Amino acid sequence: MSIEQDARDGTGVVLAFERPPIRTSVVVQRDRPAVFNTFVRTIDRWWPLRPFSMGQDAVASVTFERRVGGRVYETWHDGTQREWGILLDWEPPERFVMTWNVTGVPTEVELRFIQEASDRTRVDLEHRGWERLNEEQLREDCALPGGYRGGSFQRGWQIILGRFVEAAEAGASGAGEEV
């Protein structure tokens, strides 16, 4: 909910968000540095490229340029690159924020990695900025049918994070202590 001030008498009026952010969380049975590294260093090993990429079977790798302003992009077997987004905030192993350019009009994705115990990390995802899209864009299919309005982004992030948990708990190679 949001609160909007009434200019006449100063009282607040509660309005429902028309385009709330997508929020979802998962818990991984590993320490935070390993979980963060699995996400950013081995993403092309666990991310379900079919259907959640631009090139699908053509994708050879996915790269995080690990710095503010760095790109997150897929590279196809023929060398073609397609940008998923730009890192707006980079705080390893705690969080990162990036644009999400796959929506046509860029939105934002934030992931927070919260250490709950020495061997347990909660990952909170928020995908926001839906107010930037018009009604037609909100209904357009993404990787799954239905678009934002039909819940496909919520379902998609749950599928993606489910695959991520499996990889992180299996100890995806390349996800050591370095952040």
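The coordinates are above.
For the structure given in this document, a descriptive report is provided here. Keep in mind that what you see is a predicted model, and the values were worked out from it rather than measured.

What follows concerns the sheet that holds strand β5 (residues 71–76). Overall, antiparallel pairing links the seven strands, which are arranged β3-β9-β8-β7-β6-β5-β4 in an open sheet. The strands lining the two open edges of the sheet, one partner per strand, are β3 (22–28) and β4 (59–64). Averaged over all neighbouring strand pairs, the angle between strand axes comes to 20°, with direction disregarded. Across nine bridges, strand β8 (residues 107–117) lies against strand β9 (residues 120–128) in antiparallel orientation. In the strand pairing of β9, I114 is matched with R122. Sheet strands touched by helix α1 (residues 32–41): β3, β4, β6 (81–91), β7 (95–100), β8 and β9. Its angle to β8, the strand with the most contacts, is close to 155°. Helix α4 (residues 152–170) rests against β3, β7, β8 and β9 of the sheet, and its axis sits at about 15° to β3.

Take α1 next. Here α1 lies mainly inside the structure; seven of its ten residues are buried. By the burial criterion, the buried members of α1 are A34, V35, F36, N37, T38, F39 and V40.

Reading guide: rules and limits
- Residues numbered from 1 in each chain as written.
- Predicted model: local features only at pLDDT ≥ 70, side-chain atom pairs only at ≥ 80, totals over all residues.
- Heavy atoms only, no water.
- Pairing = 2+ DSSP bridges.
- Helix = DSSP H or I, 4+ residues; strand = E, 2+ residues; numbered from the N terminus.
- Axes fitted to C-alpha atoms, helices over the stretch in contact; angles between N-to-C directions.
- Contact = heavy atoms within 4.5 Å.
- Buried < 20%, exposed > 50% of the residue type's maximum accessible area, 1.4 Å probe, protein only.

Everything listed is a geometric property; what it means functionally is a separate question.
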